[in-house]
Amino acid sequence: MGANSSSICELPENEYLKRLSGAEAVSENDPFWNQLLSFSFTAPTDSAELKLLEEATISVFKSLVENNPRTGNLGALIKVFLSRTKELKISAECQNHLFIWQAHNALFIICCLLKVFICQMSEEELQLHFTYEDRMPGSYGVECEDLIEELLCCLIQLIVEIPLLDITYSISVEAVTTLVVFLSCQLFHKEILRESVIHKYLMRGRCLPYTSRLVKTLLYNFIRQERSPPPGSHVFQNQTDGGGLLYGIASGVATGLWTVFTLGGVGSKPTPQQEQSPPLANQSLLLLLVLANLTDAPDTPNPYRQAIMSFKNTQDSTAFPSPSPHAFQINFNSLYTALCDQQKSDQATLLLYMLLHQNSNVRTYMLARTDMENLVLPILEILYHVEERNSHHVYMALIILLILTEDDGFNRSIHEVILKNITWYSERVLTEISLGSLLILVVIRTIQYNMTRTRDKYLHTNCLAALANMSAQFRSLHQYAAQRIISYTCRHLRRYVYVLDKLYFPHSHCSTLQHCFSTLSDNGEELLSLTCSHILRSYASSLFSLLSKKHNKVLEQATQTLRGSLSSDDSPLPDYAQDLNVIEEVIRMMLEIINSCLTNSLHHNPNLVYALLYKRDLFEQFRTHPSFQDIMQNIDLVISFFSSRLEQAGAQLSVERVLEIIKQGAVALPKDRLRKFPELKFKYVEEEQPEEFFIPYVWSLVYNSAVGLYWNPQDIQLFTMDSG
């Protein structure tokens, strides 16, 4: 980093910063401010440079904290910034580069100092530092709250009112960033903050009328994905008409402070992540997520969440329901396109979740789209690459699918969308497959990954719920999707028998059964030998006969016997014993999913019947199981009915001929012979106190993804560094 690094290291010794933080008060009208604010730079984004800047800021901060009660220089700096922002809109329209440039620089310094203030002191102490003015030591004014509120309102006005141009891009980013910093006190508390001075200002008083405009602007910043202007386009240029003398003064004093402070500027290459996520769009989305997840005040619901819940499409001419204090309209087509394009980031997926879950207008619009594959495919790709994603991102993607599958129209339409050559799906070449079949494949793969690696009950429950919601509308399942449904069920049926064997006969060490299960790879496609099948059948018959008598008591006794064989009473049960209930739940749900498909759309799914018949020996063993007897009735009936028709057709049948017989049989099978079960329907409901999950998650995204912000990881209290 060379000169850039050394220039940051020298900041604490810079004469202008030493005067700002020193013992001498500087009035708001002092020419010093023109000198201090006349620097040109591109804000650092590299973490190492940001860390150096943080360390340099702390040095200035310590001196300022010591002297500010007497000098009031922090308040003076803020008032200088506030005075300059009053003409920002006119300056932008008149292309007044100098005015915007210095206002941006003032805000950058405020933001750097504010970040350290919030990290190092309580809100009460911060409030005091906003009150100090140039007066006798030990006394202070009463403008504390006014100055904080005025700065917050000024930042919001800047975001919503200043037109986005090349020369205003940087100050727009800085205004959004400073609001994020204002709210960052949450990072330094383990508990969720429910009452905060900054929250109070943003949710009441002068800031409240700007709620809908701020949310709308932040959404549009995300939608537009405006990239940073080329280096230099936002920095003061050579003399222009009317600005010569002022520019000459400014450029002269700039050499004393920031001339070599051009971190990340000309000659530096943006990282791929920066290429994908323009600073203003990224920062705006993070601020929107932070605002939307602020906790409600005792007497006031979060207005930013209200705005997100109620906004409508610009094409919607119906009246807003009353009351809708923060309602607005936005172009849903543009929003949908941006959400489809940006799903590689956690924050875009979290925004999609919030909109689908909280805004019925957005949910209705999206479910009516005829190009849902543009939204669903990126979500499926997140789940497919589960190994590379953090758990929170996977949860959000999965819950989005669960919300979508609550709609029967969605469940039908996804089987009508035919996809070609899904290159990211590597298990098998999929030259042509419906979106519905692909969704089934990815969800089953996610369940399987979870069961073998992370073993998270919440994850597999939601996966199974999404499949269950879809099951009655399964249509024309791809042969591979049908095969995976059946083979995944069979894998757990075998696993179940194996676990029971270990529970009932812990010392038998049945090598054949152990070998049977160990030969199955993670994708569960390998077939057992005839010998293994025979052993499984005989075991299943005796075990299920025993279970049918006193199912729970027998299991409890077996567990106690197993525990007695362990060396210590405190020794945990082996995984296979702990897994028994989970395996039984998964089997039950998979059997219900298969049953739902057979009952509601058997004639649409010959490939599922084919796969079921192929593994019929294993299913037949479970017809007497006390936990599955009811649900096995229909499956057993289908197996018997189609097996009989195949036997009548003779031996050595081709795959094509078998499928033809299945299609004919599906028409001939009397529907009243299949027992009706309650419809499988699961609805996503947020946990109680969702803020306990979402607030740490959102701030972990800010910590990891915000542009130009660095916090010392040792200072973070809200989450651990490996969370998410």
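The structure displayed is predicted, hence computed values, not measured ones. (Residues numbered from 1 in each chain as written. Predicted model: local features only at pLDDT ≥ 70, side-chain atom pairs only at ≥ 80, totals over all residues. Heavy atoms only, no water.)

A count of helices and strands for the protein chain gives 34 helices and 4 strands. Across the 724 residues that make up the protein chain, the buried fraction comes to 56%. Of all intrachain contacts in the protein chain linking residues separated by at least 6 positions in sequence, the fraction that spans at least 24 positions is 76%. Roughly 31500 Å² of accessible area belongs to the protein chain as shown, and the carbon and sulfur atoms make up 49% of that amount. (Helix = DSSP H or I, 4+ residues; strand = E, 2+ residues; numbered from the N terminus. Buried < 20%, exposed > 50% of the residue type's maximum accessible area, 1.4 Å probe, protein only. Contact = heavy atoms within 4.5 Å. Areas by Shrake-Rupley, 256 points an atom, 1.4 Å probe, with all protein chains shown as cover.)

With respect to the secondary-structure elements, Asn 607 resides in helix 30 (residues 606–614). Polar contacts involving the side chain of Asn 607 include one to the main-chain carbonyl oxygen of Leu 477, which spans 2.9 Å. Once residues within four sequence positions are removed from consideration, Asn 607 is found in contact with Leu 477, His 478, Gln 479, Ala 482 and Leu 659. (Polar contact = N/O pair within 3.5 Å; in protein donor to acceptor, adjacent residues only side chain to side chain.)

For the pair helix 24 (residues 457–471) and helix 29 (residues 580–601), the least separation of the axes is 9 Å and the interaxial angle reads 10 degrees. One way to sum up the angle between helix 24 and helix 29 is to call them roughly parallel. Counting all contacts with helix 24, which are made through Lys 457, His 460, Leu 464, Leu 467, Ala 468 and Ser 471, the residues of helix 29 involved are Val 582, Glu 585, Val 586, Met 589, Met 590, Ile 593, Ser 596, Cys 597 and Ser 601. Broken down by class, the residue content of the contact of helix 24 with helix 29 amounts to 9 nonpolar, 4 polar and 2 charged. (Axes fitted to C-alpha atoms, helices over the stretch in contact; angles between N-to-C directions. Parallel < 35°, antiparallel > 145°, perpendicular 65-115°, else oblique. Nonpolar A, V, L, I, M, F, W, Y, C, P; charged D, E, K, R; others polar.)

Our focus in this paragraph is the pattern of salt bridges. Counted according to the given criterion, the structure contains 18 salt bridges. For Glu 427, the salt bridge identified is with Arg 445, shortest N-O distance 2.6 Å. A residue pair is termed long-range when its members are at least 10 positions apart, and Glu 427 in the loop between strand 3 (418–420) and strand 4 (432–434) and Arg 445 in helix 23 (residues 435–454) qualify at 18 residues. Taking the relative accessible area as the measure of exposure, Glu 427 reaches 38% and is therefore partly exposed. Given the relative accessible area of 18%, Arg 445 is considered buried. (Salt bridge = Lys/Arg side-chain N within 4 Å of Asp/Glu carboxyl O.)

The subject of this paragraph is the packing of aromatic side chains. Under the defined criterion, the tally for this structure stands at 20 aromatic pairs. Consider the rings of Tyr 336 and Tyr 365, whose centres lie 6.5 Å apart with planes at 75 degrees: the pair is edge-to-face. Remark: Tyr 365 occurs in helix 19 (residues 360–368) and Tyr 336 occurs in helix 17 (residues 332–341); sequence separation between them is 29 residues. Using a relative accessible area of 2% as the deciding quantity, one classes Tyr 336 as buried. Judged by centre distance (5.8 Å) and plane angle (75 degrees), the ring pair of Tyr 353 and Tyr 684 falls under edge-to-face. Linking Tyr 353 in helix 18 (residues 346–358) with Tyr 684 in the loop between helix 33 (655–668) and helix 34 (691–705), this pair joins segments that are 331 residues apart in sequence. Feature note: the residues Phe 311, Phe 328, Phe 332, Tyr 336 and Tyr 365 constitute an aromatic cluster, connected by ring pairs. Over the face of the ring belonging to Tyr 201 we find Lys 200, whose NZ or CZ atom lies 5.6 Å from the ring centre. Just above the ring of Tyr 384 sits the side chain of Arg 445; from NZ or CZ to the centre is 4.1 Å. (Phe/Tyr/Trp six-rings, centres within 6.5 Å; stacked < 30°, edge-to-face > 60°. Lys NZ or Arg CZ within 6 Å of the ring centre and 35° of its normal.)

Turning next to the environment of Ile 635. The residue Ile 635 is located in helix 32 (residues 629–649) in this model. Ignoring sequence-local partners within four residues, the contact set of Ile 635 consists of Leu 591, Ile 594, Leu 598, Leu 612 and Phe 619.

Moving on, we come to the confidence of the model for the protein chain. Across the protein chain, the average pLDDT comes to 81, with 80% of residues at or above 70. Throughout residues 509–535 the model reports pLDDT below 50, and contacts reaching past four residues in sequence, or to other chains, amount to 42 contacts. (pLDDT = per-residue confidence, 0-100.)

Looking now at unusual backbone geometry. When glycine is set aside, most residues are seen to have a negative phi, and most peptide bonds are trans. The backbone of Gln 225 shows a phi angle near 50 degrees, a positive value even though the residue is not glycine. Mapping Gln 225 onto the fold places it in the loop between helix 12 (211–224) and helix 13 (244–254). The class of Gln 225 is buried, set by a relative accessible area of 17%.

Turning our attention to helix 7 (residues 97–120). Here helix 7 spans 35 Å end to end across 24 residues, near enough to the 34 Å set by a 1.5 Å rise per residue. Within helix 7, 21 of the 24 residues are buried, which leaves the element mostly enclosed by the surrounding structure. (Expected span 1.5 Å × (residues − 1).)

Once that is clear, we can look at the packing of helix 16 (residues 303–310) against helix 18. Where helix 16 contacts helix 18, the axes come no closer than 8 Å and their chain directions differ by 75 degrees. With respect to their mutual orientation, helix 16 and helix 18 come out roughly perpendicular. Across the interface between the two elements, Arg 305, Ile 308 and Met 309 from helix 16 touch Met 354, Leu 355 and Gln 358 from helix 18. Residue composition of the contact of helix 16 with helix 18, grouped by class: 4 nonpolar, 1 polar and 1 charged.

All right, on to the environment of Leu 653 then. Inspection of the secondary structure puts Leu 653 in the loop between helix 32 and helix 33. Owing to a relative accessible area of 28%, Leu 653 belongs among the partly exposed residues under this scheme.

A few words on the nonpolar core. Counting 235 residues, the largest nonpolar core has Phe 81, Leu 350, Tyr 353, Tyr 425, Leu 438, Phe 619 and Trp 699 as the members making the most contacts within it. A total of 15 residues in this core trace back to one element, the largest contributor, which is helix 7. Those residues within four positions of Tyr 353 in sequence are excluded, and the remaining contacts are Met 396, Ile 399, Ile 400, Ile 403, Tyr 684, Glu 686 and Phe 694. (Core = buried A, V, L, I, M, F, W, Y, C linked by side-chain atoms within 4.5 Å.)

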